Amino acid sequence: MFRNYLKTAWRNLWKNRFYSAINVFGLAIGLTACLLIGVYIDQELSYDKFNANANRIVRVTMEYMHAGTVSTTEETGTKVGPQFKRTFPSVQAYARTYIREAIIRAGDKVFDEPRVLYADPAFFQMFSFHIVAGNAASALDAPGKAVLTQSMAKKYFGMEDPINKSLKFGNLVLTVSAICEDAPQNSQIKFDFATQFLNLGSFVQEENYWNANWITYLLLKNERDIMPLREQISAYMKTSEPKSSAHIEGGDYLTYHLEPLTRVHLYSQLGGFEPNGSISYIYIFGLIALTILVIACANYTNLATALSFGRGGEIGMRKVMGASRKQVFFQFIGESAIVTFAAACVAYILALMLIPSFDFITGRQFSISVLFSLKPVLALTIFSIVVSFFAGIYPALVLSGMEIMNVLKKGFRFTDGSNLLRKGLIVMQFGISVFLIIYTIIIIQQTRFLHNKDLGYEKEHVLDLPIGGHMLEKFQSIKDALLHVRGVECVTAAYDAPDYVLWGDGVVSNDEKGRHEVSIHALPTDLDFIKTMNMKMAAGRDFQATDLASMDTANKTAKYRSFFILNETLAKKLGWTAEQALNKIVSKGDGNPPGPVVGVVKDFNFTSLHEQIGPLLIFLGRDFSRRFLVRISGGDIQGTLSRLGATWKDHIADRPFSFKFLDESYDQLYISEQRSTILFSVAAGIAIILACLGLFGLAALITLQRTKEIGIRRVLGAGTGTITVLIARNFLELVTLSILIAVPFAWWAGNHWLEDFAFRVHVESYIFFLTAILTIVIVLGTVGFHALRVTLLNPVRSLRRD
């Protein structure tokens, strides 16, 4: 019996192979989307769960109020970990962590490595980065030790055993104490080298609640301790000891929160060692996959129902010969299963081929082997079974429930119910497609706006060159050498690049109106910062050489003088216009040397465009510089880079020439928006293709069924335009309805997404009209092709057609 079902199903599918191919292709695309997106979602949901202690590890975040401004950050001071372990019995261990680049040397091999982890000794006991050589307990128990990943061990030592070999980390000589496996893709903490936290320098040896630059993790004795510990920390930070240690006065406060490790990646609003994911994007990815699959299933249901028009005689004869409703039902479910499992095979092949492209969209690195694991294969099988049932159940129920005599007398005809379902599915398909098109256009416009917005400075043709080692000791000679390179227009240095200023601080001023305190971002720079970045001054001037000469570094406490530039927002916060701010005396927090305001720069975006422009204090501080910013001409970029590389090698022989373009670093701030653009563009494209594919097949079948009618109309004088309108009218009505339903949802969703940006585009009405026109043109083209083909047939042949 089962063999007979398969044989009959195969014959019917082969007989209608054009429509079967449409169904297989449509379902294959839907299943491919589900398979790939399922792999992505599985990895995102598994973030950090590979750690054996994952449920007992928390990340400490800091919240504080200063001068009436509340700030939160994922970074803490050096004191938090040790003090919490001493104070709270539920804390078993802590690890302060920091990742930065470093120059690594092993013999004649020298590389600028971007992922060097500095961590406390308990790190490898807290986290499950598997040690393949050495001991986790002693891997970082002394400052002179370093741990390498397997990739780095091979890179620096080849096939030799690296244990107890020496490496030079900048000015430190460290001994390789252990080798660990490479950090997995689903880890927040990805590193190539690890060494002890205290190797950062003497400035981290003093315990301090402030100078928050470190991410602190706690290992708790029991996962049930998280909630009680939160309350204990909140109460403790209100006591006199921490308030005195942190110099908290008046209405200011300092407290800490705990984030479970496994929730940081998808749920935290704060950053980390890599950009966080978002549970919202997980829902969106899943919804897109489901949407594409639903459209594909709707195609199958529509075409299967329409194809049954010619199978009334077959069904009637089966029932006359004794077939039960159950047997007929399983006959059509069997056909659905064959189509679906054929689509599943195609989907699996497509998924293997599309892994590299999917990596690009998601920003992840999936190997092809992930698709050969049990989970995706099992998921694809389950999806196929579910899809074959739900896609085939309606046609199977309708066809198996027909009355024998009605079928044999009149053949099968669409009932009002089946027509209503078919129309509803078309409306749903195109409604989803229109929604995705409009939503995608809004995202594309915002992404372009982010890329092209006037930031208040020119980010193009600016190189970001890292400063490290002994470079500050010969700062001026290096800067002069860079300035003399042909193609270089200007050179400056700064602590942060202007695209993302992280330094948080406070500013204090006293004038005739009294004392003013404002919580700010601060940026120490060298001379020519304003000039190099092509910023505009609202009043005053840039720093100049006489300012630098006036800074007496021999006796800071007696004669040291600072010089400041405010942005317009900070000047307003302090109650001054740009002109009034000039020559006012301010200081960067209490206890720091005061100095005059020499200029006010026009506001520029120094954080993400998700945020409004806040108060910024720029101060002359060459010794804080972490990067040279070099503006080059756009004429001969490659030649200028070559000359800069040669100059760099002459003056800084111990460091490789590595650089970033500032505009590329800026674009990285919005990488999630760029990926969203690609994702929704692909989804909208697939949705409209599938909807049109289904419409193409349905229109082909309907025009075929109405061939005689069209022939009669042609004989009676109907023209090509009349016939085209006749065929397309019903489809256009349905598509128009889908547009009317989709537009309000797309408008709401687009505006809701844009609310996350302080600087954003406005949703213009022309987007909706263009999308509507585009959709109608696509439908007319799809349906009109078949209408034109049938219209051009000889009417005599049309009337003779069975």
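The model shown is predicted, which means the values in this text are computed figures rather than measured ones.

Would you mind going over the overall build of the protein chain with me for this structure?
The helix and strand tally for the protein chain stands at 27 helices and 22 strands. Residues counted as buried form 51% of the 802 residues belonging to the protein chain. If you take every contact in the protein chain between residues at least 6 apart in sequence, the share linking residues at least 24 apart comes to 79%. Here the protein chain has roughly 36700 Å² of accessible surface; of this, 58% comes from carbon and sulfur atoms.

Looking at this structure, how should I read the nonpolar core?
Nonpolar side chains tend toward joint burial in soluble globular proteins. Core analysis: the largest hydrophobic core is formed by 115 residues, its most contacted members being Phe 430, Phe 529, Ile 618 and Phe 731. For Ile 618, the contacting residues outside a window of four places in its chain are Leu 523, Thr 525, Phe 529, Ile 530, Phe 543, Phe 563, Phe 564, Ile 565, Val 601 and Phe 604. The next biggest cluster of nonpolar side chains, apart from the first, holds 26 residues, and it includes Phe 123, Ala 139, Phe 191 and Ala 194.

How do you make sense of the packing of helix 15 (residues 475–483) against helix 21 (residues 637–651) when you look at a structure like this?
If you want to describe how two helices pack, look at the angle between their axes and the distance between the axes. Two elements in contact, helix 15 and helix 21, have axes whose closest approach is 10 Å; the angle formed by their N-to-C orientations is 155 degrees. Here helix 21 runs roughly antiparallel to helix 15, going by the angle between their axes. Considering the relative orientation of helix 15 and helix 21, their crossing is right-handed. Facing helix 15, whose interface residues are Ser 477, Ala 481 and Leu 482, helix 21 presents Leu 644, Thr 647 and His 651. When its residues are assigned to classes, the contact of helix 15 with helix 21 shows 3 nonpolar, 3 polar and no charged.

Can you walk me through the side chain of Asp 667 in this structure?
Assignment of secondary structure puts Asp 667 in helix 22 (residues 662–668). The buried charged residue Asp 667 lacks any salt bridge, with Lys 459 as its nearest oppositely charged partner at 5.9 Å.

I would appreciate a short explanation of a nonpolar patch on the surface in the present structure.
Residues Leu 374, Leu 378, Ile 382, Val 386, Phe 389 and Phe 390 make up a contiguous nonpolar surface patch of roughly 610 Å² in combined accessible area. Checked against the element boundaries, Phe 389 lands in helix 12 (residues 374–400).

When you look at the pattern of salt bridges in this model, what are you seeing that I'm missing?
For side chains bearing opposite charge, pairing can occur when the charged atoms are close. For the coordinates displayed, the defined rule picks out 21 salt bridges. Salt-bridge contacts for Arg 627 lead to Asp 464; the nearest nitrogen and oxygen are separated by 2.9 Å. Of this pair, Arg 627 sits in strand 21 (residues 627–632) while Asp 464 sits in strand 12 (residues 462–466); the two residues are 163 residues apart in sequence, bridging distant segments of the chain. When sorted by exposure, Arg 627 lands in the same class as Asp 464, which is buried. In this structure, Asp 547 engages Arg 541 in a salt bridge whose closest nitrogen and oxygen atoms are separated by 2.7 Å. Linked by salt bridges that have partners in common, Lys 479, Asp 526, Asp 528 and Arg 622 make up one network.

Teacher, can you tell me more about the environment of Lys 584 here?
Within the secondary structure, Lys 584 sits in the loop between helix 20 (578–581) and strand 18 (585–587). Residue classification places Lys 584 among the partly exposed positions, given a relative accessible area of 22%. Setting aside residues up to four positions removed in sequence, Lys 584 forms contacts with Asp 511, Trp 576, Gly 595, Pro 596 and Val 597. A distance of 3.0 Å separates a polar atom in the side chain of Lys 584 from the backbone oxygen of Gln 580.

How should unusual backbone geometry be read in this particular structure?
Most peptide bonds take the trans form, and the phi angle of most residues other than glycine is negative. Here Asn 534, not a glycine, exhibits a phi torsion of approximately 55 degrees, which is positive. Counting through the fold element by element, Asn 534 comes out in the loop between helix 16 (529–532) and strand 16 (537–540). Since its relative accessible area comes to 30%, Asn 534 is described here as partly exposed.

Help me out: how do you make sense of the packing of aromatic side chains in this one?
The description of an aromatic ring pair rests on the distance of the ring centres and on the angle between the ring planes. As enumerated under the stated definition, the model contains 38 aromatic pairs in all. Centroid distance Phe 84 to Tyr 256: 5.7 Å. Interplanar angle 85 degrees. Geometry classified as edge-to-face. Of this pair, Phe 84 sits in helix 3 (residues 80–87) while Tyr 256 is found in strand 11 (residues 253–260), placing the two residues 172 residues apart along the sequence. Given the relative accessible area of 2%, Tyr 256 is considered buried. Between Phe 169 and Phe 193, the ring centres sit 5.7 Å apart and the planes meet at 90 degrees, which makes this aromatic pair edge-to-face.

It is not clear to me how the pairing of strand 17 (residues 564–567) should be interpreted in this structure. Could you clarify?
A regular strand places its side chains on the two faces of the sheet in alternate fashion. Of the two faces of strand 17, the one lined by Phe 564 and Leu 566 and the one lined by Ile 565 and Asn 567 are each fully buried. Across 4 bridges, the pairing between strand 17 and strand 19 (residues 594–601) is parallel. Each residue of the ladder has a partner; that of Phe 564, found in strand 19, is Val 597. As defined by bridge partners, strand 17 adjoins strand 20 (residues 616–620) across 3 bridges and the pair is classed as antiparallel. Considered in strand 20, the bridge of Ile 565 is made with Ile 618.

Sorry if this is basic, but what is going on with the side chain of Arg 105 here?
Along the polypeptide, Arg 105 turns up in strand 3 (residues 91–106). Ignoring any residue separated from it by four or fewer positions in sequence, one finds Arg 105 in contact with Val 110, Leu 167, Lys 168, Gly 170, Asp 654 and Arg 655.

I would appreciate a short explanation of the pairing of strand 7 (residues 166–169) in the present structure.
Of the two faces of strand 7, only one is covered, namely that formed by Leu 167 and Phe 169; the face formed by Ser 166 and Lys 168 stays uncovered. The pairing of strand 3 with strand 7 spans 2 bridges and is classified as antiparallel. Looking at the pairing, Ile 104 lines up with Phe 169 of strand 7. What sits between strand 7 and strand 8 (residues 172–180) in their antiparallel hairpin is a turn of 2 residues, with Gly 170 showing a positive phi close to 60 degrees.

Procedures and definitions
Sequence order sets the numbering: in each chain, residues are counted from 1 along the sequence as written. In view of the model being predicted, local features appear only for residues whose pLDDT reaches at least 70, and side-chain atom pairs are presented and counted only at 80 or more, with totals across whole chains, interfaces and linings using the full set of residues. Note that the side-chain values use all heavy atoms of the structure and ignore hydrogens as well as water. Segments assigned H or I by DSSP are reported as helices when at least four residues long, segments assigned E as strands when at least two residues long, and all are numbered from the N terminus. Three labels apply to residues, based on accessible area from a 1.4 Å probe with only protein chains included: buried if under 20% of the type maximum, exposed if over 50%, partly exposed otherwise in between. Only heavy atoms matter for contacts: two residues are in contact if any of them lie within 4.5 Å across the pair. Each accessible area is a Shrake-Rupley result for a 1.4 Å probe, and residues are judged covered by the shown protein chains and nothing else. Here, nonpolar core refers to any group of buried Ala, Val, Leu, Ile, Met, Phe, Trp, Tyr and Cys residues whose side-chain atoms link them within 4.5 Å. Fitted lines through C-alpha atoms serve as axes, helices being fitted only where they are in contact, and the angles separating the N-to-C directions of these axes extend from 0 to 180 degrees. Relative orientations are named as follows: roughly parallel for angles under 35 degrees, roughly antiparallel for angles over 145 degrees, roughly perpendicular for angles from 65 to 115 degrees, and oblique for any other angle. Crossings are sorted by hand: turned counterclockwise from the far helix by less than a right angle, the near helix makes the crossing left-handed, and turned clockwise it makes it right-handed. Classification convention: Asp, Glu, Lys, Arg as charged; Ala, Val, Leu, Ile, Met, Phe, Trp, Tyr, Cys, Pro as nonpolar; all other residues, Gly among them, as polar. Think of it this way: Lys and Arg go in the positive column, Asp and Glu in the negative one, and His and the chain ends go nowhere. What makes a salt bridge here is a side-chain nitrogen of Lys or Arg within 4 Å of a carboxyl oxygen of Asp or Glu, nothing more. Think of a patch as exposed residues, more than 30% relative accessible area, with no salt bridge, where like charges cluster within 9 Å and nonpolar side chains (Val, Leu, Ile, Met, Phe, Trp, Tyr) cluster within 5 Å. Definition of a polar contact: a pair of N or O atoms within 3.5 Å, with one able to donate and the other able to accept a hydrogen when the atoms are protein atoms, and with sequence-neighbouring residues admitted only if both atoms are side-chain atoms. Stacked, tilted and edge-to-face are the three classes applied to pairs of Phe, Tyr and Trp rings, where Trp contributes its six-membered ring and a pair requires centres within 6.5 Å; stacked means planes under 30 degrees apart, edge-to-face means over 60, and tilted covers the rest. The criterion for strand pairing is that DSSP finds at least two bridges linking the strands in question.

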